[in-house]
Amino acid sequence: MSAVAESKRITVPEIMAHKGGTPLVCLTCYDAVLAKIMDPQVDLILIGDTVGMVVHGMKTTLPVTLEMMILHAQGVMRGSSHALVAVDMPFGSYEESPAQAFRNAARVLAETGAQAVKLEGGVRMAETVRFLTCRGIPVVGHVGLTPQSIQALGGFKAQGREEAQWPAIEEDARGVAEAGAFAVVLEAMAEPLAAKITRQIPVPTIGIGASNACDGQILVVNDMLGLTPHVPKFVRRYAHLGEDVAAAVASYAADVRARAFPGADNTYAMKKAGPAQ
Ligand code: KIV
């Protein structure tokens, strides 16, 4: 056994124990560098399929592949040692059948070392959630606005803003919780609906554009760091890295064009010659 003790990651039961307690701090992440910076502060890191949009410039999450998710998750795992890490199942990798979902989710966990997967959908995915959880794969559910169904939903619109829509969304959250999901993401829905679902289901809800009554909150890290040009109403920017990067690149460009970079301290002098032999 190594002399240096392995640091212990947060576990699924520890996440579940936050129900009704201290809110869970969750963020998306897609690489080892940011993972290392955020890891000590967060309870759960999600390799979201938003990677397609905020890293690869795709218009939706639909073209994201299992291979992309695995590659990004491997980086995040290398950069982190404390937070629980969950990986989004991308569109087309789990909807066909519980067996397809198991095969691909098992591959994600085996090839990345992540602890859980997340999949979108409520009642319609409950059988699949049960199939995975009964076979040892921890699952995070995701209801409300489910971006992989963007074509059917007709756009990125908040859900449940009319009370008549509530029962179906409540049933979705209950359905995946009863099927064994250990937490459920509530995305972009009317605030009182998210608060009601949080009271109704026995596992932690993780809100994004939902309610501060949720058992935890998640944001897309590029949005909260100010790296994306347009952000939805529910994002709070905690930094303006996009502006910082633009200013840094402008300074660098000016220095290069003026031959002010590299300076003497950035270049290598010749070694001093030794005494002749
Ligand atoms: O893909 C993602 O980043 C997500 C979060 C928005 C929860 O699912």
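The rules behind the values
- Residues numbered from 1 in each chain as written.
- Predicted model: local features only at pLDDT ≥ 70, side-chain atom pairs only at ≥ 80, totals over all residues.
- Heavy atoms only, no water.
- Buried < 20%, exposed > 50% of the residue type's maximum accessible area, 1.4 Å probe, protein only.
- Helix = DSSP H or I, 4+ residues; strand = E, 2+ residues; numbered from the N terminus.
- Contact = heavy atoms within 4.5 Å.
- Phe/Tyr/Trp six-rings, centres within 6.5 Å; stacked < 30°, edge-to-face > 60°.
- Lys NZ or Arg CZ within 6 Å of the ring centre and 35° of its normal.
- 1 Å grid on protein atoms, 1.4 Å probe; cavity = no way out; pocket = protein on both sides within 12 Å on 5 of 7 lines; lining within 4 Å.
- Points joined across faces, edges and corners; volume = space filled by probe spheres on them.
- Nonpolar A, V, L, I, M, F, W, Y, C, P; charged D, E, K, R; others polar.
- Near = heavy atom within 4 Å.
- Polar contact = N/O pair within 3.5 Å; in protein donor to acceptor, adjacent residues only side chain to side chain.
- Areas by Shrake-Rupley, 256 points an atom, 1.4 Å probe, with all protein chains shown as cover.
- Patch = residues over 30% accessible without salt bridge, like charges linked within 9 Å, V, L, I, M, F, W, Y side chains within 5 Å.
- Salt bridge = Lys/Arg side-chain N within 4 Å of Asp/Glu carboxyl O.
- Core = buried A, V, L, I, M, F, W, Y, C linked by side-chain atoms within 4.5 Å.
- Pairing = 2+ DSSP bridges.
- Right-handed = clockwise from strand over helix to strand, strands pointing away.

Caption draft 1: Seen up close, helix 9 (residues 191-200). Along helix 9, the positions that sit buried rather than exposed are Leu193, Ala194, Ala195, Ile197 and Thr198. Summarising the contacts, the buried residues of helix 9 are in contact with helix 8 (166-178), strand 6 (183-187) and strand 7 (205-208).

Caption draft 2: Region of interest: the packing of aromatic side chains. Counted under the stated rule, the structure contains two aromatic pairs. Taking 6.4 Å as the distance between ring centres and 80° as the angle between the ring planes, the aromatic pair formed by Phe102 and Phe131 counts as edge-to-face. In this pair, Phe102 sits in helix 5 (residues 98-112) while Phe131 sits in helix 6 (residues 126-134), placing the two residues 29 residues apart along the sequence. Given the relative accessible area of 27%, Phe102 is considered partly exposed. The exposure class assigned to Phe131 is partly exposed, which follows from its relative accessible area of 25%. The ring of Phe131 carries Arg135 above its face, with NZ or CZ at 3.6 Å from the centroid.

Caption draft 3: Geometry of empty space enclosed by the protein. Tallied over the full model, the rule gives one cavity of 30 Å³ or more. Roughly 40 Å³ of volume is contained in the largest cavity. As for the largest cavity, its lining consists of Leu44, Leu46, Ala86, Lys118, Val140, Val185, Ile206 and Ile218. Residue composition of the lining of the largest cavity, by class: seven nonpolar, no polar and one charged.

Caption draft 4: Representation of the site of the ligand in the model. The environment of the ligand is formed by Thr28, Leu46, Gly48, Asp49, Thr50, Asp88, Lys118, His142, Glu187, Ile208 and Ile218. Within the side chain of Thr50, one N or O atom sits 2.5 Å away from an oxygen atom of the ligand. For the ligand, the accessible surface in isolation is 260 Å², of which the surrounding protein chains cover 97%. In the shell around the ligand, the residues fall into three nonpolar, four polar and four charged.

Caption draft 5: Broad picture of the layout of surface pockets. Roughly 250 Å³ of volume is contained in the second largest pocket. In terms of lining, the second largest pocket is formed by 16 residues, of which the most central are Gly144, Thr146, Leu153, Gln159 and Asp172. Per-element tally for the lining of the second largest pocket: the top contributor is strand 5 (residues 139-144), with three residues.

Caption draft 6: Just a nonpolar patch on the surface, in detail. Residues Leu227, Val245 and Val249 make up a contiguous nonpolar surface patch of about 240 Å² in total accessible area. By secondary structure assignment, the location of Val249 is in helix 11 (residues 241-257).

Caption draft 7: Unusual backbone geometry, seen in detail. The omega torsion across Phe261 and Pro262 is -5°, close enough to zero to call that bond cis. Residue position: Pro262 is located in the segment after helix 11. The backbone of Ala188 sits at a positive phi, close to 40°, despite the residue not being glycine. Relative to the helices and strands, Ala188 resides in the loop between strand 6 and helix 9. Accessibility expressed as a relative area gives 6% for Ala188, which makes it buried. Of note, Arg259 is a non-glycine position whose phi angle comes to about 55°, a positive value. Along the chain, Arg259 turns up in the segment after helix 11. Given the relative accessible area of 77%, Arg259 is considered exposed.

Caption draft 8: Up close: the side chain of Thr60. Within the secondary structure, Thr60 sits in the loop between helix 3 (51-54) and helix 4 (66-79). Looking at Thr60, its side chain comes within polar contact range of the main-chain nitrogen of Leu62, at 3.1 Å. Look past the residues within four positions of Thr60 in its chain and what remains in contact with it is Met53 and Ile150.

Caption draft 9: Quick look at the nonpolar core. Counting 61 residues, the largest nonpolar core has Val117, Leu186 and Met189 as its most contacted members. Among the elements that line this core, the one with the most residues is helix 4, at seven residues. Residues contacting Met189, with those up to four places away along its chain left out, are Val143, Gly144, Gln159, Ile169, Ala194, Ile197, Gly209 and Ala210. If you look at the next biggest cluster of nonpolar residues, it comprises 17 residues, including Leu44, Ala183, Ile206 and Ile218.

Caption draft 10: Molecular detail of the pairing of strand 1 (residues 24-28). Here strand 1 lies mainly inside the structure; four of its five residues are buried. Bridge analysis of strand 1 against strand 8 (residues 216-219) gives four bridges, and the strand direction is parallel. Residue Leu24 lies in a different strand from strand 8, and its bridge partner there is Gly216. Here strand 1 pairs with strand 2 (residues 44-47) via three bridges, running parallel. Paired with Cys26 across the strands is Leu44, a residue of strand 2. Following the backbone out of strand 1, through helix 2 (residues 32-38) and into the adjacent parallel strand 2, one traces a crossover that is right-handed.

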